[in-house]
Every structure is written in structure tokens, then in C-alpha cells.
Amino acid sequence: MIPRKLSLLLSVFLLAVPAFAQQQNASKPKPRVIVVGVNGMELDIIRPLLLKGLMPNLSSVIDKGAYGKLRTVSAPNCPRVYSTLFTSTNPEEHGVTGFIVGGITANTNMLKEEPVWSMLSKSGITVGMANVPATFPVMPVNGYMISGMLTRGKNCEDGVLCAPKLSEVMGGDAVYPKSLQPELLKNVGDFYIDCERMPGAGDLKGHEAEFIDKWLGKVQVIRDQQTKLFDYLLTTHPTEFTFLAQSCEDRTGHWLYPITPFNAGYNASINNFRQNAFPDQYVAFDKVLGSILKHVDENTYLIIFSDHGIKPLREFEEKDPHAHMDHEKTTPVIAKHDFADGDDVPGSFFAMGPGIKHDLRLMGLGASVYDVAPTLLHIYGIEQPKQMRGRILTEIFENADNKVAAKQ
Ligand SMILES: [Zn+2]
């Protein structure tokens, strides 16, 4: 099932890792990087929270680093953008064009270009990944990988926007290496791998307040489990490159974005209730970030990014019967991100670490999801492969030339 090109890459990589790892162990320590993906983080929502002082941890990252908008792809959704970010190639090239590709739920076997974690593994960098979208079934790395959004399981047979527990995963491995799974079940518990599916319009009708509270309660349970998982991994299995992701924020935004009566899709019984539900997700994320920051010292790079933003429906969606439903499901949707023009819903990018400029604002849409993988490779002194379409974000470094020179 794995395309020939990639299976070749993977087998080469598996043979190569031990030798590389031994060789590298003797040399000087490699950079440590933690990447945190927050799905659909919307700057319009974040900025008032920053002003109110409700996101102290993200504020500290902004003060100590570089931040701005992150240009995304057209019609952005998680698997499409994450796979673009992994490979720095466009969706048609890497093959993961959306949630469903050719009638099949997107999965790692579809990936036609080499992802950055494979390149890092091959170079002897230890890699740890948890809950990153579109990483199911997991792939071998020089470390560990726990899958995220699009993991298939009991009551989540298609893997699309539902929450299987680790013990309920079906149709592939959610944990690499396999031996890590019993360890996680014992020490972290049987956690949910992805965020809860949004309720359908039929279920909601007449029980709106009850459903919203119940759903938000489950989201918090999932976030608490994720926080425990991240903390366990960072403490017990530290790696040179760590990539963690959260997905509940985006899903909350789709149906609980704080809108007003003139917005398309407004329904008083849903949208008058828990107006802070969506902003509250970022306040909660900031606490998760706080627990991650405990593992970040002055020699660690921290990169936080979102794959796209999310905006309320607009005038041109009003007449579109599909606009009010998202992800092919039946939830009443009042905000979305898969606009044809991805520039309508840019993601965001925050970086801090050794040699990264302080308090730097990135203007316009100069930084893009294509640039993240080349920039990561640059930090490790690995040359950017030809197929990558992005560029190194040299503007965020104090002295980009020195960084490049350091790799010789
Ligand atoms: Zn979404």
C-alpha cells in the first residue's frame, strides 16, 4: 500500500538510522526543537485575549520571539495543510488533498513525498510526535510517534473528526514503536486520540444548552489527557525534535464561534449560549502551553503554529446550501476555514529560541506553511531537498549566515 518511492525511502531510512545515531552520539549535541500545532488558531480571537492578559504563556513567547500570520493553502483543512507542512510540497504533489481522497479517508500510506520527520530521523535526530493530524497509521521514526486526527477506531470507523480511545484503534497502528503502547496505557491511561465529533443538528434541537455543556466538558477531558500525555513524553522520552498537536480549538470554532444576529447561520438557542466557548479554548490552550514551557530552556527552540484560521460565514456563503455544514457532517456550522482563497484564513506562527530575534513581527503573508519544514531542517543544518517549495525563514534569525555556516 505504501507508494514505491516512499517505501524505498523508509527502508533506506530504517537501515541507516542505527549507524547514523551511533555516529552522531559521539559528536556535539544537536539542537532541541519543540513544535506545537494548534488547529485553526484564529488571530482575531487570540488578540483580544492577549490584550486582556488571558494568555500569559503565549504573550511570553511573543516577547521572546518572532510572530505573525502564516500563509496557508487554498481551501485549507487539517490533513491538506499538515501534509503540505510536513513535506513543503503542494497538495497535488504530496497526495493528501483533503479528509477524503478518492473515496478513502486520508492516511499516511497516501503520502507521496518524504515528510520532514523522516528526513530528521535519517540524519540521526531523535524524533517524537504526538497527536499530529494525518499521521495514521504511524510511520517508523528515530524515536516515537502517536497518531492524531484521522485515526480510525471503534465508533469512529472512518476516522473523520471523532475521538477513538487508544485501546479502541482499528485498521492500523496508532503508536510506534508498538512497545510504547502498553507503557502509555499504564502511565498516561486510555486517552482519546483526537477531539470529540461535533453533535448533529437533529441531536441538538431542543437540547442545545445541555449538549453544548456536555460537549465542552468532553473537550476539556480530552485536553487534560493530552496535557498529561505531552508532559509524560517530554519528561520520560525527551527527543531532539518533538512535534505535538491539539485539535479541539478548531472544532469548537466551527459551531460555537462568537457571532452576532446578523451573521449567517445565527441560531439564538445555540449562539446566545456560552458566547465565550471558543475564546475559552485558547485560554485553556495557554495552560497546556505553560506545561510544555516547563520543558523549554534557553537552548530549546519553540515553534507554535496553526495550519489556518477560522472565520464566520460571510455574504457569499449565505446562498450556498453546503456552507452551513462542515466536514461532510450534519453539524450546524457558523464559521469555517475551507474558503477557496486561503488568504482569507491565514494561520499563525510563533518562534523563539537560540538566535531567533526577540519581539519581531512578521508583516503580511511572507511566511507560509511551506516554509516550516525548510526552516526546521535549517536549524539542524540539513540542506533543503530540491522538491521542497518553501524557503528558510531567514528573517527570524539574528544571524542567518552564521546558522548556515554552522552546518559545515
Ligand atoms: Zn476545521
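Cut-offs and rules
Residues numbered from 1 in each chain as written. Predicted model: local features only at pLDDT ≥ 70, side-chain atom pairs only at ≥ 80, totals over all residues. Heavy atoms only, no water. Helix = DSSP H or I, 4+ residues; strand = E, 2+ residues; numbered from the N terminus. Buried < 20%, exposed > 50% of the residue type's maximum accessible area, 1.4 Å probe, protein only. Contact = heavy atoms within 4.5 Å. Areas by Shrake-Rupley, 256 points an atom, 1.4 Å probe, with all protein chains shown as cover. Axes fitted to C-alpha atoms, helices over the stretch in contact; angles between N-to-C directions. Parallel < 35°, antiparallel > 145°, perpendicular 65-115°, else oblique. Left-handed = near helix turned anticlockwise from the far one by under 90°. Nonpolar A, V, L, I, M, F, W, Y, C, P; charged D, E, K, R; others polar. Core = buried A, V, L, I, M, F, W, Y, C linked by side-chain atoms within 4.5 Å. pLDDT = per-residue confidence, 0-100. Disulfide = S-S within 2.5 Å. Salt bridge = Lys/Arg side-chain N within 4 Å of Asp/Glu carboxyl O.

Enquirer: Would you explain the overall build of the protein in this entry?
Expert: Along the protein, the regular secondary structure elements total 14 helices and 13 strands. Burial statistics for the protein: of 408 residues in total, 58% are counted as buried. Long-range contacts, defined as pairs at least 24 residues apart, comprise 74% of the intrachain contacts of the protein with a sequence gap of at least 6. Total accessible area on the protein stands at roughly 16,300 Å², and carbon and sulfur atoms take up 54% of it.

Enquirer: What exactly am I supposed to notice about the packing of helix α7 (residues 180-187) against helix α9 (residues 208-236) here?
Expert: Two quantities define a packed helix pair, namely the angle between the helix axes and the distance between the axes. Packing of α7 against α9 brings their axes to within 11 Å, and their N-to-C directions diverge by 120 degrees. Relative to α9, the element α7 is oriented oblique. Note that α7 runs across α9; the crossing there is right-handed. Contact residues: α7 offers Glu183, Leu184 and Asn187, while α9 offers Lys228, Leu229, Tyr232, Leu233 and Thr236. Per-class residue counts for the contact of α7 with α9 are four nonpolar, two polar and two charged.

Enquirer: How should I be thinking about the environment of Gly200 in this particular structure?
Expert: Among the secondary structure elements, Gly200 is positioned in the loop between α7 and α8 (201-204). Owing to a relative accessible area of 12%, Gly200 belongs among the buried residues under this scheme. On a C-alpha basis, the gap between Gly200 and Thr331 in space is 4.5 Å, while along the polypeptide they are 131 residues apart.

Enquirer: Help me understand the nonpolar core, please; the structure alone is not making it clear to me.
Expert: Side chains that are nonpolar tend, in soluble globular proteins, to be buried together. Among the nonpolar cores identified, the biggest contains 57 residues, and Trp117, Leu120, Phe241, Phe243, Phe349 and Ile396 are the most heavily contacted of them. Within the second largest apolar cluster, 51 residues are counted, among which are Leu49, Val61, Tyr232 and Val296.

Enquirer: Sorry, what's going on with the confidence of the model for the protein here?
Expert: Detailed conclusions should not be drawn from predicted coordinates in areas where pLDDT is low. Per-chain confidence: the protein averages 89 in pLDDT, with 87% of residues scoring 70 or above. Under a pLDDT of 50 for its full length, residues 321-325 has, in the predicted model, 15 contacts with residues more than four places off or in other chains. Contacts from residues 402-408, a stretch scored under 50 in pLDDT, to residues over four places away or in other chains number seven contacts.

Enquirer: What should I look at first to understand the state of the cysteines in this one?
Expert: Chemically, a disulfide is nothing more than a covalent bond linking the sulfur atoms of two cysteines. Counted under the stated rule, the structure contains two disulfides. Across the disulfide from Cys156 sits Cys162; the S-S distance is 1.9 Å. Classification of the bridge connecting Cys156 and Cys162 rests on its S-S torsion, roughly 75 degrees, and on that basis the disulfide is right-handed. Classification of Cys156 by relative accessible area gives buried; the value is 1%. Across a sulfur-sulfur distance of 2.1 Å, Cys195 and Cys248 are joined as a disulfide pair. Here the disulfide of Cys195 and Cys248 is right-handed, its torsion about the S-S bond being about 110 degrees. Here Cys248 lies in helix α10 (residues 248-256) and Cys195 lies in the loop between α7 and α8, a separation of 53 residues in the sequence. Accessibility classification places Cys195 together with Cys248 in one group, the buried group.

Enquirer: So what exactly am I meant to see when it comes to the pattern of salt bridges here?
Expert: Within the structure shown, the criterion is met by 15 salt bridges. Note that Lys311 and Glu42 form a salt bridge whose closest N and O atoms lie 2.9 Å from each other. One end of the pair, Lys311, is in strand β10 (residues 311-312); the other, Glu42, is in the loop between β1 (32-38) and α2 (43-51), with 269 residues separating them in the sequence. Residue Lys311 is classed as buried on the basis of its relative accessible area, which comes to 15%. Relative accessible area serves as the criterion here: at 2%, Glu42 is assigned to the buried category. One salt bridge connects Asp343 with Arg71, and the closest N-O pair in it is separated by 2.5 Å.

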